[in-house]
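The primary structure of each chain is shown beneath.
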Amino acid sequence: MSNKTYNDLFCETSELIVEATQADEAVFEAGSAERSTFEPLLSDLRIRYTVLLSRLDAVYDQLLQPQKRLIVKRLLEACLGRLLEIKHDLVELHLSDFTYDDDEVLVKLGVTPHEAEPSVPQYFVREREDEVEKKRDFITDTLRKLGYEPPKPRALVLTEQQAVIIIQSHERARQGRLRGQFMKEIRLLKEKGRDQKGEMSAAAATAIQRVWRGYLARRDTKRRKHEEQLLIGMKLAPYTESEEIKKAEEVKEFRRKVQKEYEQEYQESLEKIEQQLRAQHGVKINERIGDELRRWISEYFERTGKFPDLPSEDGGGSRAMFSRQGTGMDSELSKSSPVSSKDSKKSKESKDKKNNKVEDNKNKDEAEDLKSFKCSTSAFLKDFVNANEEYEDIWKYRDDEVKHDEKCDKDMIEREKMIKIEQEIRNIVDDMMRSELELLQAALDRDRAHKGKKSKKPQKKVRRGGKKGKKKKEKDLTPDRTTESLFEELITNGIIRPYPIVKIDDFIGEKSFVASQWKSEGRDPEPCLGDIRQLVKEYCILPLGSEHVRTNSPLVRSVLISGPAGSGKKMLVQAICSETGATLFDLTPANLVGKYPGKSGLIMLIHLIMKVSRLLQPSVIWMNDAEKPFVKKIPKTDKTDPKRLKKDLVKIIKGICPEDRVLFVGTSRTPWEAEQKLLFQCYSKLIQIPRADYGSISLMWRIKLHRAGALSPKLELSCLSRVSDSYTIGTLLAALDAVLTTKRRLQLRVRAFTAQEVAVQLSSFEPVYVEHDMAAESWWSKTPMERRRQRVMQRLLELEQENEERAAAGK
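As the structure is a prediction and not an experimental result, all values here were calculated from the model. Here, residues in each chain are numbered from 1, in the same order as that chain's written sequence. This being a predicted model, a pLDDT of at least 70 is required before a residue's local features are given, and a value of 80 or more before pairs of side-chain atoms are given or counted; all residues contribute to the totals for chains, interfaces and linings. Note that water and hydrogens are dropped before the side-chain values are worked out from all heavy atoms of the structure.

With respect to the sheet that holds strand S7 (residues 685–688)
The five strands lie next to each other as S4-S5-S6-S3-S7, forming an open sheet whose pairing is parallel. Each edge of the sheet is formed by a strand with only one pairing partner; in this case those strands are strand S4 (583–586) and S7. Taking each pair of neighbouring strands and ignoring which way they run, the sheet shows an average axis angle of 20°. At least two DSSP bridges between two strands are needed for those strands to be called paired. Helix and strand definitions here come from DSSP, where helices need a minimum of 4 consecutive H or I residues and strands a minimum of 2 consecutive E residues; each element is numbered from the N-terminal end. In this structure, S4 lies alongside strand S5 (residues 619–624), joined through four bridges in parallel fashion. Following the sheet pairing, Asp586 is matched in S5 by Trp622. Where helix H19 (residues 529–545) meets the sheet, its contacts fall on strand S3 (558–562), S5, strand S6 (662–668) and S7, and the angle it forms with S7 comes to roughly 145°. Geometry is summarised by axes, namely lines fitted to C-alpha atoms with helices restricted to the contacting stretch, and by angles between N-to-C directions that run from 0 to 180 degrees. The contact criterion used throughout is that any non-hydrogen atoms of two residues lie within 4.5 Å.

Examining the pairing of S7
Burial along S7 is two-sided: the residues Lys685 and Ile687 and Leu686 and Gln688 are all buried. The pairing of S3 with S7 spans four bridges and is parallel. If you follow Ser562 over to S7, its bridge partner there is Gln688. Accessibility here uses a 1.4 Å probe with only protein chains present; expressed as a share of the type maximum, an area under 20% marks a residue as buried, one over 50% as exposed, and anything in between as partly exposed.

Looking at the confidence of the model for the protein
The predicted model of the protein has a mean per-residue pLDDT of 82, with 87% of residues at 70 or higher. The secondary structure element of the protein with the lowest average pLDDT is helix H11 (residues 329–336), at 34, and the one with the highest is S3, at 93. Values of pLDDT, which run from 0 to 100, indicate the predictor's confidence residue by residue. Within the model, pLDDT remains below 50 along residues 353–360, and this stretch shows zero contacts once partners closer than five positions in the same chain are excluded. Note that residues 453–470 has pLDDT below 50 and, in this model, three contacts with residues that lie over four places away or in other chains.

So, the pattern of salt bridges
Once the charged atoms of two side chains with opposite charge are near each other, the side chains can pair. Salt bridges are counted wherever a side-chain nitrogen of Lys or Arg sits within 4 Å of a carboxyl oxygen of Asp or Glu. Evaluation of the coordinates by the stated rule reveals 49 salt bridges. Across the salt bridge formed by Glu127 and Lys73, the nearest N and O atoms sit 3.1 Å from each other. Residue Glu127 is found in the loop between helix H5 (123–126) and helix H6 (129–145), and its partner Lys73 is found in helix H3 (residues 66–94); the two are separated by 54 residues along the sequence. Residue classification places Lys73 among the partly exposed positions, given a relative accessible area of 24%. Close ionic contact of Asp220 with Arg224 constitutes a salt bridge, the shortest N to O distance being 3.4 Å. Of this pair, Asp220 and Arg224 are both found in helix H8 (residues 202–231), four residues apart, which corresponds to roughly one turn of the helix. Classification of Asp220 as partly exposed rests on a relative accessible area of 29%.

Comments concerning the packing of helix H1 (residues 3–30) against helix H2 (residues 35–62)
At their nearest, the axes of H1 and H2 sit 10 Å apart, and the two run at 155° to each other. When the interaxial angle is binned, H1 and H2 end up roughly antiparallel. As for how H1 packs across H2, the hand of that crossing is left-handed. For this scheme, ten residues count as nonpolar: Ala, Val, Leu, Ile, Met, Phe, Trp, Tyr, Cys and Pro. Four count as charged, namely Asp, Glu, Lys and Arg, and the remainder, Gly too, count as polar. Looking at the contact of H1 with H2, its residues break down into 18 nonpolar, three polar and five charged. Should an angle fall under 35 degrees it is called roughly parallel, over 145 degrees roughly antiparallel, and 65 to 115 degrees roughly perpendicular, with every other angle called oblique. Each crossing gets its handedness from the near helix: less than a right angle anticlockwise from the far helix is left-handed, clockwise is right-handed.

Concerning the packing of aromatic side chains
Aromatic rings from Phe, Tyr and Trp, with only the six-membered ring used for Trp, were paired whenever their centres fell within 6.5 Å, and each pair was classed as stacked if the ring planes differed by under 30 degrees, edge-to-face if by over 60, and tilted otherwise. As enumerated under the stated definition, the model contains eleven aromatic pairs in all. Measuring from ring centre to ring centre gives 5.5 Å for Trp296 and Tyr300, while their planes differ by 35°; the resulting arrangement is tilted. With Trp296 and Tyr300 both in helix H9 (residues 243–304) and four residues apart, this pair spans about one turn of that helix. Take Trp296: its relative accessible area is 17%, and that puts it in the buried class. Note on Phe664 and Tyr683: the rings are 6.0 Å apart at their centroids and 50° apart in plane angle, and the pair reads as tilted. Residue Phe664 is found in strand S6, and its partner Tyr683 is found in the loop between helix H24 (676–682) and S7; the two are separated by 19 residues along the sequence. This pair shows no difference in class: Phe664 is buried, exactly as Tyr683 is. Residue placement shows Arg722 over the ring face of Tyr694; its charged tip is 4.3 Å from the ring centre. Charge over a ring is defined by NZ of Lys or CZ of Arg lying within 6 Å of the ring centre and within 35 degrees of the ring normal.

A word on the packing of H2 against H9
Between H2 and H9, the shortest axis-to-axis distance is 8 Å and the interhelical angle comes to 65°. Facing H2, whose interface residues are Tyr60, Asp61 and Gln62, H9 presents Lys252, Arg255, Arg256 and Gln259. Of the residues that constitute the contact of H2 with H9, the class distribution is one nonpolar, two polar and four charged.

Concerning helix H25 (residues 694–708)
The terminal C-alpha atoms of H25, which comprises 15 residues, lie 21 Å apart, in line with the 21 Å expected from a rise of 1.5 Å per residue. Along H25, the residues classified as buried are Ser696, Ile697, Ser698, Met700, Trp701, Leu705, His706 and Ala708. Where the residues of H25 are buried, they touch H19, helix H26 (717–723), helix H27 (729–739), helix H28 (742–746) and helix H29 (755–762). Residue Asp693 occupies the N-cap position of H25, its side-chain oxygen lying 3.3 Å from the main-chain nitrogen of Gly695. Looking one or two residues past H25, Gly709 carries a phi angle of roughly 75°, positive in sign. A helix is expected to reach a length of 1.5 Å times the quantity of its residues less one. Within 3.5 Å is the distance limit for a polar contact, defined as a pair of N or O atoms, with the added protein rule that one can donate a hydrogen and the other accept it, and that residues adjacent in sequence qualify only through two side-chain atoms.

This is the structure in structure tokens:
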């Protein structure tokens, strides 16, 4: 794709941004309103920002112009942050972590459910490729020095009886082939000895023609039917990488290399142009600003009889002095003057009246509060609008020749650097002027003292109020050690672990397509595996990938992922790390056995994890069997001492600040076995992986069998999906691997794959029993978010009944 393609895509996206921001500002203008009015508006905004996110990601990935890419990145991060803010608003609106797509909004915007799922920006890892690769190599090298080797496929170990059976089968096959060859030679000798009867008769030729033409017609019909089914999507094409896709990827990689070259050229131009401008204009700017300030100070002294106080650098410096109107003494006096007694009495009386009114209208206000909703303020919308306006002012309406020149614009660099240089010189001149003003003020004070006038001593500003709540600085237990040595120590002890590269989209599952209809009917929709994937993106991956987004978006410190064995919990943790290039810390109780013993060892372990996770951020701190530290009674057979971290887990999680790109993830099979109060104190967000639904299982079978080349018309996919209903996706994949051996794959062309083979293999695996589902459902109903939702629903029903009773009594 050409430069023009991505520039045009950016222009189109800019117009969509204007539409989205106008709709977004209208939501804020609405203020507080009924929840039912906000639901379609926020759902519409969420889908709009999701579409914008995927477009901006494509533009930022392939655009070459370095200055334009800076604007695109600002837009991309602001869009990502606003999307997360809308997600949290929807959670507060629905009182549920699952925010399903509105069918009417999807139809209105012309978006499919798959497109309405946020995509993970590619720059999360691509801009840190070298750093992530070095980190992985360091972990691998350290483990190799310790004698650890990556796990190899296990060699096939056979019993004596199995080995004998294999040898017998191969020997019988060899004898069969020899016998067949011998019989073929005998048959050929007999045919040679027969007398030839002359030419073929007409009837025989007609019969041969009829059979051959019939075969050709059937083959042609079958081919045309196959092509038609491929065209309308009833069949999947063979799983092969197309040449077009390969070429497109090669073009993208080439553009990324050019992108790096242009970026390097841009950085070099920044330094070179700044040096040239400082040499040419530095002295002149210094003299001009100094003359302006001295002239203004003398005019001020002539007008007021005293010297001005230059504001500090943070207060704007001399630039702020030129824009001042008057001294501002009245405003300072008005701020510092105390409130009169009459005013205080009036305020108290008004407060009392308000309190009485509140008590009188309590029930009415409570009903309104439960039904009304107000969106939280946005930290990203203003920057989103400003960045788009900047693009429109500078780039959108430029001439085509200038706009499509993908190298850096040096005139723009000169303008930006001149502003920067002028500000730096102004700060230097301001410091010099402050010292001159101090000398002048001292000379003036001496003159006044000589004439018998007392000079006023400048009053020190007294800081009123208590100390501001500052975060207590933790004591560094390892001040003399380098990051590399701490990193190596944690790798050696198995706390930092390598992980396989897993994409979040490899977590196969369909979204809930009936959720919107169920909600309109007043029923509670059930989440599917696709909704779980989207939730992990919104709570874990998207905030962790960008420092700016993490700092300003709603903070999620910890997430608990629960589900039966084989449901994909570990895979989701690996996907979070892979998509963000994070460092994985393993705090599983079984992994800590014999490491950092004693109280001092535990303090050191916590210190190392908190320190290194911040130094190597983004970081994911993972604890498998997350319920074990909070279990009331530990079995005697468990020697892992899981309660060792019980008191310190909350400390670790609460120590994660908004500026820290650190996430604590717990995974659990049976979270209901823990003390619920302590568990909910640790984990702010809970994700329960449900039983795999029919759509997700069917999609998984279709994808996996298609890639294996085992998908055929004879395979009853619907029947296979129904049989697999009570098993997790991990169990089904294990069964498929057991069935599709190398030998069976070679036989697929001769003998088609059947559902019966998987069904027989599944009989040896454990399904998810109803008791587990019931326990999980019961636990989920006791989670904080679910209990809050149930309380609100219950209170609304009670208020409605009270209103009906009053209306009936009034009649």
